[in-house]
Every structure is written in C-alpha cells, then in structure tokens.
Amino acid sequence: MMGRNSCDGMLSVGNDIVENDRIRDLLEKHGDRFLKRVFTDGEVEYCHKHKDPVPYLAGRFACKEALIKALSLDPGEVADMKEIELAGTNFGKKTLVMHGKTEKFFQAKGFTHSSVSISHGRNHSTAVVVLYKEKL
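Residues numbered from 1 in each chain as written. Predicted model: local features only at pLDDT ≥ 70, side-chain atom pairs only at ≥ 80, totals over all residues. Heavy atoms only, no water.

Caption draft 1: Structural detail: the packing of helix H1 (residues 20–30) against helix H4 (residues 54–71). The N-to-C vectors of H1 and H4 enclose an angle of 105 degrees; their axes lie 9 Å apart at closest approach. Compared by their axis directions, H1 and H4 come out roughly perpendicular. Residues Asn20, Arg22, Ile23, Arg24 and Leu27 of H1 pack against Val54, Pro55, Leu57, Ala58 and Phe61 of H4. Tallied by class, residues from the contact of H1 with H4 come to seven nonpolar, one polar and two charged. (Axes fitted to C-alpha atoms, helices over the stretch in contact; angles between N-to-C directions. Helix = DSSP H or I, 4+ residues; strand = E, 2+ residues; numbered from the N terminus. Parallel < 35°, antiparallel > 145°, perpendicular 65-115°, else oblique. Contact = heavy atoms within 4.5 Å. Nonpolar A, V, L, I, M, F, W, Y, C, P; charged D, E, K, R; others polar.)

So, in structure tokens, the structure goes:
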C-alpha cells in the first residue's frame with residue numbers, strides 16, 4: 001500500500017516544447033500583431049528586457065500550450081492564449097494566472113491551483129504544467 005505523498009490531488013499534466021526559431025519567424029512576420037494576440041503586456045515587457053527576447057517568449061508560448069493540454073478541454077471549448085499569463089519576474093518563481101473563460105474552464109473542472117516549470121535554451125523552450133484539485 002502506498003502512503004500519502006505530495007502527488008496526491010494531482011489531476012492533470014500538460015507539456016509542450018517549442019522551437020525558438022518558430023517564434024522568431026512569427027515575430028518577424030507578424031510583429032506586434034502576434035505579440036498582442038498571444039501575450040499580455042507584462043509578459044512582453046518582461047521578455048523584451050532580455051538581450052534576446054525570443055527564448056523567453058517561446059517559453060511562455062510553451063507554457064500556454066501546456067496549460068491548454070492539461071485542461072483537457074471538451075469539444076467546442078477553446079482557450080484564449082492571452083487569457084493565460086505566466087507572471088513573476090524572479091528566477092524560478094513563476095505563477096500561472098488565468099483570466100476570462102480560461103479561468104472559468106479551470107474552475108469548472110474543479111482545479112484549485114497549478115504548478116509550472118519552464119526552461120529555454122538556444123534552440124528550444126519547454127514547459128510542464130501540473131493542475132491540482134486539493135488546496136495547498
């Protein structure tokens with residue numbers, strides 16, 4: 001018999017990996033239109049503080065995709081990427097913040113909190129999102 005551990009209450013996991021050049025191409029082709037469609041103003045501001053904002057944008061893009069996968073939306077349900085925000089400016093201290101209908105999907109499925117891990121390198125960025133039902 002297994003004892004209770006920190007994984008109790010975990011309901012869903014999503015992960016995603018993004019080629020940084022894909023985001024660079026979208027940024028070069030669509031510029032601000034792409035940024036405004038996918039990212040919050042705070043996310044854009046944070047990413048552009050770095051010498052090369054693309055890996056940071058790609059990591060956030062992967063995070064949004066990972067959350068959408070973890071939500072396991074029903075047919076006809078569509079999450080808006082701009083309603084998903086990776087907040088926090090301290091290294092390693094990021095928090096997922098949901099707004100609008102994406103937040104409603106999260107709550108309707110009984111989730112109470114989330115964890116996120118994001119990494120980015122020269123060529124790829126990745127994110128893992130874990131959704132929980134129990135309170136911390």
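Caption draft 2: Fine view of the environment of His99. Among the secondary structure elements, His99 is positioned in the loop between strand E3 (95–98) and helix H5 (100–108). Taking relative accessible area as the criterion, His99 reaches 33% and is therefore assigned partly exposed. Linking His99 and Glu83, residues 16 residues apart in sequence, is a C-alpha distance of 4.8 Å. Not counting residues within four places of it along the chain, the set of residues in contact with His99 comprises Glu83 and Glu85. (Buried < 20%, exposed > 50% of the residue type's maximum accessible area, 1.4 Å probe, protein only.)

Caption draft 3: Broad picture of the nonpolar core. Judged by nonpolar contacts, the single largest core of 30 residues is most densely connected at Ile23, Phe34, Phe39, Phe61, Leu67, Val129 and Leu131. At the level of secondary structure, the elements contributing two or more residues to this core comprise H1, helix H2 (32–38), helix H3 (41–47), H4, strand E2 (84–87), E3 and strand E5 (124–132). Element by element, the count of residues in this core is highest for H4, at ten residues. (Core = buried A, V, L, I, M, F, W, Y, C linked by side-chain atoms within 4.5 Å.)

Caption draft 4: The packing of aromatic side chains, seen in detail. Within the structure shown, the criterion is met by three aromatic pairs. Residues Phe34 and Phe39 carry aromatic rings whose centres are separated by 5.8 Å and whose planes lie at 85 degrees to one another, so their mutual orientation is edge-to-face. Look at Phe34 and you get buried, because its relative accessible area is 7%. Residue classification places Phe39 among the buried positions, given a relative accessible area of 1%. Where Tyr46 meets Tyr56, the ring centres are 6.4 Å apart and the plane angle is 80 degrees; that geometry is what we call edge-to-face. Residue Tyr46 is located in helix H3, and its partner Tyr56 is located in helix H4; the two are separated by ten residues in the primary sequence. For Tyr46, a relative accessible area of 16% gives the class buried. (Phe/Tyr/Trp six-rings, centres within 6.5 Å; stacked < 30°, edge-to-face > 60°.)

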